[in-house]
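# Chains, contacts and geometry: an overview
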Amino acid sequence: MTALVSHLKLLETESIHIFREAAAQFRAPVLLYSIGKDSTVLLHLARKAFWPGKPPFPLLHIDTTWKFRDMIAFRDKTARDFGLDLIVHTNHDGLARDITPFDQNPSVYTDIMKTQALRAALDAGGFDAAFGGARRDEEASRAKERVFSFRAAGHRWEPRRQRPEMWTLLNGRLGKGETVRVFPLSNWTEGDVWRYIALEKLDVVPLYFAAPRPVVSRDGQLIMVDDERMKLLAGEKPEVRRIRFRTLGCWPLTAAVESDASDIDAVVQEVLRAKNSERAGRLIDHDQAAAMEMKKREGYF
Amino acid sequence: MQMAALTEEIAVAPALVPAPDTSGMVRLLTCGSVDDGKSTLIGRMLWDSAAVAEDQRAAIMHASQNRALNGEKVDFSLLLDGLQAEREQGITIDIAWRYL
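Every chain is numbered on its own, with residues counted from 1 as its sequence reads. In the order they appear in the text, chains get letters beginning with A and ligands get numbers beginning with 1. Per-residue local features are limited, in this predicted model, to residues with pLDDT of at least 70; the limit for side-chain atom pairs, both in listing and counting, is 80 or more; totals at the level of whole chains, interfaces and linings are taken over all residues.

So, on to the sheet that holds strand 5 (residues 148-152) of chain A. Pairing between strands is defined by DSSP: at least two bridges between the two strands are required. Note on conventions: DSSP H or I runs of at least 4 residues are helices, E runs of at least 2 residues are strands, and numbering of each starts at the N terminus. With respect to topology, 7 strands assemble into an open sheet ordered 3-2-1-4-7-5-6 (chain A), the strand pairing being mixed. Each having just a single partner strand, strand 3 (86-89) and strand 6 (156-157) of chain A make up the two edges of the open sheet.

Structure (structure tokens):
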């Protein structure tokens, strides 16, 4: 076995252990499936962990109605092909109030359409544990996360009230009102995720591969025009450029990068050479200092 | 302070080819009293090892304004101390995981 494969093997083994441990310790787990590359790896590991059975929990997608169309098609096909239960939750109250990424600032929009929607969906399903694909290498507050991240009543993250995790021991005992977020990909890096996708030949959303797509350049970020709801500013005109995405979220808030990486090997190469982190393209991370930590405290994952 | 690390080329092994030697893992331990600079030392080594993405470097340099000590321009401890409470108090409260 080569060194690289054994490195990924270790990560895979650790993640499968976490899945099985959580499934054994919690009453009603759910997998937060957000369709991107991390979710793809997360779902693949979940399926491996319980193979030949199906994962003993449903998938949950928080649909803001602003996801890329390719993502929704990929989500539905994945659930169908693998025969998985998929719960789709949208904050209809937010829709009725016309909360959009164009009209509100990103924090307000994310709070209402993502965080509040997630809390409501977890409460509605009575879930006590939610698997997420967050990785420690992504961002400063995620670098502090436990594998079992405890959330106080109301799903609030309190960084000072987390438990030590020695070796591979995971203590899942819940206090009253507590729930837990479980992060099987904690120790993976973006490069690991891509190399694993290449090695396991996993399908991912085509938006990760370069193709000519219509974009506008706004504040130095390339925003793809995914449908007719795009609100162009004065003087803006969509132009076709060869782009791909390093990370996928709501299309008005996710910046593309210009790239020629049109297949998996090229993407792996590009990721390993990249000088910027992937979250540089996430507009919701940059609207204020410690943006992610504040979102996590509100219940974001 | 020398900022040479900023423009350093990051050597990249071709994808899917293992690194030549992974047996040379370095374990690093820092001991010291409060405010001796344990996090700052580790942060400085991360910074110089070119393992920090450029947008993260820019964010750290921005956050370092008015807080770096001893005439330095960068507060390297910010690479480890990412929580608001840690930054406000200038201390490490919890471990941080970073990968090279």
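Let's pick the thread back up.
This part is about the nonpolar core. Core analysis: the biggest nonpolar cluster contains 66 residues, and Leu31, Leu32, Leu42, Ala130, Val182 and Val205 of chain A have the highest contact counts within it. Reported domain spans reflect what an automatic or database domain assignment gives. Each of domain 1 (3-192 + 290-298) and domain 2 (204-285) of chain A contributes no fewer than three residues to this core. The contact partners of Leu31 of chain A, leaving out residues within four places of it in the chain, are Leu42, Leu43, Ala46, Pro55, Phe57, Leu59, Leu60 and Phe131 of chain A. Counting 11 residues, the second-largest nonpolar core is a separate cluster that includes Ala140 of chain A together with Ile42, Leu78 and Ala96 of chain B. Put simply, a nonpolar core is a cluster of buried Ala, Val, Leu, Ile, Met, Phe, Trp, Tyr and Cys residues tied together by C-beta atoms within 7 Å. Exposure criterion: with C-beta atoms placed from backbone coordinates, a residue whose C-beta has 20 or more other C-beta atoms within 10 Å is buried, one with 12 or fewer is exposed, and one in between is partly exposed. By definition, residues are in contact whenever their C-beta atoms, placed on the basis of the backbone, come within 7 Å of each other.

All names here are of chain A. Looking at chain A, the domain boundaries give domain 1 (3-192 + 290-298) and domain 2 (204-285). Computed from C-alpha coordinates alone, the two centres of domain 1 and domain 2 are separated by 23 Å. With 22 residues of domain 1 at the interface, the matching set in domain 2 holds 21 residues. Counting residues per element, the ones that place at least two in the side of domain 1 that touches domain 2 are helix 2 (37-50), helix 3 (69-82), helix 5 (106-125), helix 6 (190-200) and helix 8 (291-298).

What follows deals with the sheet that holds strand 9 (residues 221-224) of chain A. All names here are of chain A. Ordered by their spatial adjacency, 4 strands build a closed barrel running 8-9-11-10, and the pairing between neighbours is antiparallel. Averaged over all neighbouring strand pairs, the angle between strand axes comes to 70 degrees, with direction disregarded. In this sheet, strand 11 (residues 255-258) lies alongside strand 10 (residues 239-244) in antiparallel orientation, the contact comprising 2 bridges. Counterpart to Ile243 in the pairing with strand 11 is Glu258. Geometry is summarised by axes, namely lines fitted to C-alpha atoms with helices restricted to the contacting stretch, and by angles between N-to-C directions that run from 0 to 180 degrees.

Once that is clear, we can look at the pairing of strand 5 of chain A. Residues and elements named next belong to chain A. Among the 5 residues in strand 5, 4 count as buried, and that is most of the element. Relative to strand 7 (residues 179-182), strand 5 runs antiparallel, the two being bridged by 4 bridges. Bridged to Phe150 within strand 7 is Val180. One ladder, built from 2 bridges, connects strand 5 with strand 6; its direction is antiparallel.

As a further point, take the environment of Phe127 of chain A. Residue and element names in this part refer to chain A. By the element assignment, Phe127 lies in the loop between helix 5 and strand 4 (129-131). Using a count of 22 C-beta atoms within 10 Å as the deciding quantity, one classes Phe127 as buried. Taking the C-alpha atoms as reference points, Phe127 and Arg27, 100 residues apart in sequence, are found 7.8 Å from one another.

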